[in-house]
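Summary of structural features
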Amino acid sequence: MSSVLTAPRTSAFWRAGWLHPLNDRHALEEMLAGIDPLLSLGTVKARLVARQAETASCCSLRFKPNRWWRGFVAGQHLRLSVEIKGVRCERAYSLSTAPQADGCIEITVQRQAGGKVSSYLHDELPLGAVVELSQASGDFTPPTTLPAAGLLLIAAGSGITPMRGLLQTLHARGVAAPGSICLIQVCRSQQDCIYGQELDTLAAQWPALRLIRWYSAQQSRPEAAQLLALAPDHAQRLSYLCGPAGFMRNVESYWQSLPDAAPLHLERFGAAPLELAPDAPAVQVQLQRSGAGFASRRGAALLTEAERAGLAPAYGCRIGICRSCQCRKRSGTVQDLVTGTVSSEPNEWIRLCVSSAQSDLELDL
Amino acid sequence: MSTHTLSRKQIAELQKDLDVIRDEVMSSLGARDAAHIRSMVKIARGSAIAGRGLLAFGFDPISFVLGVAALAHAKILENMEIGHNVLHGQYDWMNDPKLNSQDYDWDNVCDSGMWKHFHNYEHHTYTNILGKDRDYGYTILRLSPEQKWHPLYLLNPIANAVLALAFEWGVGGHDVQAERYFKGEMSFAQMQQRAKPFRRKIRKQLIKDYVLFPLLSFWNAPRVLLGNFLANLIRNLWAYTIIFCGHFPEGTKVFREEDCQNETRGDWYVRQMIGSANIKGSRWFHIMSGHLSHQIEHHLFPDMPAARYAEIAPKVEAVCRKYGLPYNNASIWRQYGTVLGKVLRHALPSSPAALKPATSGA
């Protein structure tokens, strides 16, 4: 299997079994990395060149990628992978600027409570260290032409990170009609306002941008209708929404209730551990490769639950020894029935016979 | 065939004791373990490059001997400390696609998918249960009086020698389950179907060692071909010796299917401990044997990174002592000597009762 981060190479050379081990890609990659950690046969790697605090719990990291980085459009995201205590961990982050002249890329990382990767990126990853990246992806990108009614950007918390790139791109394009871009930024307080000063300065010198702030610590958590009332013509504007899951759900359902509303682009982030409500009888398990799905009772082994639903995943010992039933969990929370460990790590290997679902799951099966 | 006299309560306690040992290690896995397996990969790769280079570019007998030794070293290290352990999922927690049990393929004629089926599943689940653990005697050897005698077992010593020399081939063909075809339990077409991945892997291995690398060395092709053959042979003999010392030395117990029904994890632990044997040796001996010299620890915790077995061995031995179970640990000479003894003795008819005095005397 190729890493989740590297696009699978289809070139015949890498697939030719008779050339093995001369075409052992992993071995060649490792030997190249031994010469220079940025050298690679196609994997995007990047060196950390700067780290800058944005708020007390948020910082921006600037990376210089190697030649395999194919560039990006503002608003896209990437997956970053680092090794922490021997474990390879992967997270998605929005690119937080427009493309830069020097080819550097920037992400902004909010420290999560108990977050392994965010804490590592804040406190431990040394300057000069090399991380692995995916190519940029996503369609949370600025429109090619600005609609007459203008844009509305709605961001909560670190949902502001892709918005900064969008704004920089639009600014560079010379968008000038006053108030044609409206940004509603929700933050807990002024101290927690990511890019606070920078956006104030931008709004002051660029009449096209109308900046609206909502401080939830003072003004309480906003209701979608209440918040969007601050931009009365919101329904006509082409809109972009990014923020915590609950916030996004609110705005989205409000938006759906609007008659004839302009399109709403969404950027979801954060693998916030999904916890099953204690009284929820079952969760839904989605199998990505086969397209099948089944309902699983909480606390029951996924293997037996899948079989109960008439599916037949591969299995062996059924007691957690042989790993015949092992598969990759793309998202969701599971509990190991032997050790009791609960884990929400994306893209981790689980054994179906000794794992039980604690939330809706997506499995690579 | 009563193998122990522990009460249900004792077995439940034993299970707890062993779980504690396991959890302590598994919760402390980290950078040190990752560094160990990566350094093993580097060393094995370095040896392979050196060995293949010496064979391809050298002219003299000294570089030939060194080349064979380096390549054999590479193959042994890759098969035993890296391949076997990675295929057990010992490093899956690293989430490194290069060291993952589902994707790793080793420098061995045995297909890794077939290996995981008969080894990880059959052998590790049903360890030493006659009729269920097809690794006990590999379906061709008689190593215990509990196995029914048949005149074909007179060939025990010859079968043993052939298996030693061609060990990877025996292992490679093991999951084809040809014995079921001969017993009429499987059609020829079914056997052919089962053999598919084996045939694919044979092609890959033969091309590598006997076509690709010889051809790449032009005039040195015969030398490379012979060198590769010898390296494979040395690896076969070494792997055979270590692996035969895992469950066949004197003192290891075998089980009947009916004794192992409704087993708890504690029962399973007991069976693993008294069905396995360790070999004493230095750190490098353990590494070169893929830590299968800590077979007891390996069978208790097959997905614990093997480099940790040495550190838990004293605790496991203490658990054995606490519950009055044997902890079979001896030199390679003693362990392999008793294996050879069994190969010879059980070629002839033998019965459990008649053998009692001989067993305790060994």
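The rules behind the values
- Per chain, residue numbering runs from 1 following the sequence as it is written.
- Here the convention is simple: chains get letters from A, ligands get numbers from 1, in the order in which they are written.
- In view of the model being predicted, local features appear only for residues whose pLDDT reaches at least 70, and side-chain atom pairs are presented and counted only at 80 or more, with totals across whole chains, interfaces and linings using the full set of residues.
- Secondary structure elements are defined from DSSP: runs of H or I of at least 4 residues count as helices, runs of E of at least 2 residues count as strands, and each element is numbered from the N terminus.
- The reference for a compact globule is 2.2 Å times residues^0.38; the radius of gyration itself is calculated from the C-alpha atoms.
- The exposure label follows from counting other C-beta atoms within 10 Å of a residue's C-beta, where the C-beta atoms are placed from the backbone and the thresholds are 20 or more for buried and 12 or fewer for exposed, leaving partly exposed in between.
- Remark: residues whose backbone-derived C-beta atoms lie within 7 Å of one another are considered to be in contact.
- Where each domain starts and ends comes from a domain assignment, either automatic or drawn from a database.
- Working definition: the nonpolar core is a set of buried Ala, Val, Leu, Ile, Met, Phe, Trp, Tyr and Cys residues, joined through C-beta atoms within 7 Å.
- Note on pairing: DSSP must find at least two bridges between two strands before they are called paired.
- Axis angles are defined between N-to-C directions and span 0 to 180 degrees, where every axis is a line fitted to C-alpha atoms and, for a helix, only to the segment in contact.
- Residue polarity follows a fixed list, in which Ala, Val, Leu, Ile, Met, Phe, Trp, Tyr, Cys and Pro are nonpolar, Asp, Glu, Lys and Arg are charged, and the others, Gly among them, are polar.
- Looking down the strands as they point away from the viewer, one classifies a crossover as right-handed if the path from the first strand across the helix to the second runs clockwise.
- UniProt positions are given in the numbering used here, feature names are shortened, and annotations may be inferred rather than shown by experiment.
- As a per-residue measure, pLDDT tells how confident the predictor is, with possible values from 0 to 100.

An unreviewed UniProt entry lists chain B under the name Linoleoyl-CoA desaturase, from Solimonas aquatica.

Under an unreviewed UniProt entry, the name given to chain A is Ferredoxin-NADP reductase, and the organism recorded is Solimonas aquatica.

1. Digging into the overall build of chain B
Scanning chain B for helices and strands turns up 15 helices and 2 strands. Here chain B has a C-alpha radius of gyration of 21 Å; the compact-globule value for 362 residues is 21 Å, and the two agree. Taken along its principal axes, the extent of the C-alpha atoms in chain B is 65 × 55 × 40 Å. Looking at chain B as a whole, 46% of its 362 residues are labelled buried. Sequence-distant contacts in chain B: of pairs separated by 6 or more residues, those separated by 24 or more amount to 69%.

2. Remarks on the overall build of chain A
When its secondary structure is counted, chain A shows 9 helices and 19 strands. Seen along its three principal axes, the alpha-carbon backbone of chain A occupies a region of about 65 × 55 × 35 Å. Burial status across chain A gives 37% buried among its 365 residues.

3. What about the domain arrangement of chain A?
Residue and element names in this part refer to chain A. Domain boundaries assigned for chain A yield domain 1 (12-133), domain 2 (151-267) and domain 3 (282-364). Each of domain 1 and domain 2 was reduced to a C-alpha centroid, and the two centroids are 29 Å apart. Facing 13 residues of domain 1, the contacting portion of domain 2 comprises 16 residues. For the side of domain 1 that touches domain 2, the elements supplying multiple residues, two or more each, are β1 (44-55) and β5 (105-110).

4. Concerning the nonpolar core
Ranked by internal contacts, the top residues of the largest apolar core, which has 59 residues, are B:Ile37, B:Ala44, B:Leu71, B:Leu77, B:Ile82 and B:Ala239. Contributing elements (two or more residues each) for this core: α2 (31-57), α3 (61-87), α4 (112-125), α6 (167-174), α8 (188-216), α9 (221-247) and α14 (332-345) of chain B. Core analysis: the next-biggest nonpolar cluster, separate from the first, contains 56 residues, A:Ile107, A:Ile154, A:Val186 and A:Leu241 among them.

5. Points about the sheet that holds β1(A)
Residues and elements named next belong to chain A. With respect to topology, 6 strands assemble into an open sheet ordered β4-β3-β6-β1-β2-β5, the strand pairing being antiparallel. Edge positions in the sheet fall to β4 (87-94) and β5, since each of these pairs with one other strand and no more. Averaged over all neighbouring strand pairs, the angle between strand axes comes to 40°, with direction disregarded. Bridge count between strand β2 (residues 58-65) and β5: 6 bridges; the pairing is antiparallel. Of the residues in β5, the one forming a bridge with Leu-61 is Ile-107. Its contacts with the sheet put helix α3 (residues 116-123) on β2, β3 (77-84), β4 and β5, and the angle it makes with β3 is roughly 80°.

6. Considering the interface of chain B and chain A
Taken together, the contact between chain B and chain A spans 28 residues of the former and 22 residues of the latter. The element best represented in the side of chain B that touches chain A is α4(B), accounting for 5 residues. A class-by-class count of the residues in the side of chain B that touches chain A yields 10 nonpolar, 8 polar and 10 charged.

7. Quick look at the sheet that holds strand β13 (residues 293-297) of chain A
All names here are of chain A. Ordered by their spatial adjacency, 5 strands build an open sheet running β13-β12-β19-β14-β17, and the pairing between neighbours is mixed. The open sheet has two free edges, formed respectively by β13 and β17 (348-351), since each of these has just one partner strand. Each adjacent strand pair in this sheet contributes to an overall mean axis angle of 40°, direction not counted. Where strand β14 (residues 326-331) lies against strand β19 (residues 361-364), 3 bridges are found, and the strand directions are antiparallel. Of the residues in β19, the one forming a bridge with Lys-329 is Leu-363.

8. A word on the environment of B:Tyr153
All names here are of chain B. With respect to the helices and strands, Tyr-153 occurs in the loop between α4 and α5 (156-165). Overall, the presence of 21 C-beta atoms within 10 Å leaves Tyr-153 in the buried class. For the pair Tyr-153 and His-346, spaced 193 residues apart in sequence, the C-alpha to C-alpha distance is 7.7 Å. Those residues in contact with Tyr-153 that lie beyond four places of it in its chain are Arg-142, His-346 and Ala-347.

9. Some details on the pairing of strand β8 (residues 181-187) of chain A
Residue and element names in this part refer to chain A. Among the 7 residues in β8, 7 count as buried, and that is most of the element. Where burial is concerned, the two faces of β8 agree: the one with Ile-181, Leu-183, Gln-185 and Cys-187 and the one with Cys-182, Ile-184 and Val-186 are both buried. Looking at chain direction, strand β7 (residues 151-156) and β8 are connected through 6 bridges and run parallel. Counted as the bridge partner of Leu-151 is Ile-181 from β8. Each parallel crossover has a hand, and the one from β7 via helix α4 (residues 161-173) to β8 is right-handed. Relative to strand β9 (residues 209-215), β8 runs parallel, the two being bridged by 7 bridges.

10. Notes on α4(B)
Residues and elements named next belong to chain B. Most of α4 sits inside the fold, with 10 of its 14 residues counted as buried. Taken together, the buried positions of α4 are Ser-112, Met-114, Trp-115, Lys-116, His-119, Asn-120, Glu-122, His-123, His-124 and Thr-125. Those residues of α4 that are buried lie in contact with α3, α8 and α12 (295-300).

11. Some points on the pairing of β13(A)
Across a regular strand the side chains alternate sides, sitting on one face of the sheet and then on the other. Residues and elements named next belong to chain A. Here 5 bridges tie strand β12 (residues 282-287) to β13, and the two strands are oriented antiparallel to one another. In the strand pairing of β13, Val-283 is matched with Ser-296. Counting the residues between successive antiparallel strands, the hairpin from β12 to β13 contains 5 residues, one of them, Gly-291, with a positive phi of roughly 80°.

12. Details of the UniProt feature "domain: FAD-binding FR-type" (unreviewed entry) in chain A
On the UniProt side, "domain: FAD-binding FR-type" (unreviewed entry) is annotated at positions that read residues 41-143 of chain A here. End C-alpha atoms of residues 41-143 of chain A are separated by 34 Å, and the span's content is 8% helix alongside 45% strand.

13. Observations concerning the environment of B:Lys204
Residue position: B:Lys204 is located in helix α8. Residues B:Lys204 and B:Lys98, spaced 106 residues apart in sequence, show a C-alpha to C-alpha distance of 19 Å. Not counting residues within four places of it along the chain, the set of residues in contact with B:Lys204 comprises A:Gly17 and A:His20.

14. A short note on the confidence of the model for chain A
When pLDDT is averaged along chain A, the result is 91; 94% of the residues meet or exceed 70. For the stretch residues 1-7 of chain A, pLDDT sits under 50, and the model shows 15 contacts to residues farther than four places along the chain or on other chains.

15. Digging into unusual backbone geometry
With an omega of 5°, the peptide bond between A:His20 and A:Pro21 qualifies as cis. Summarising the element assignment, A:Pro21 is placed in the loop between α1 (12-15) and α2 (25-35). With a phi angle near 65°, A:Arg318 is a residue other than glycine that sits in the positive phi range. Within the secondary structure layout, A:Arg318 lies in the loop between α9 (302-308) and β14. On the neighbour-count criterion, A:Arg318 (18 C-beta atoms within 10 Å) is partly exposed. Even without being glycine, B:Asn95 reaches a positive phi, approximately 60°. Mapped onto the secondary structure, B:Asn95 falls in the loop between α3 and α4. Given 22 C-beta atoms within 10 Å, B:Asn95 falls into the buried group.

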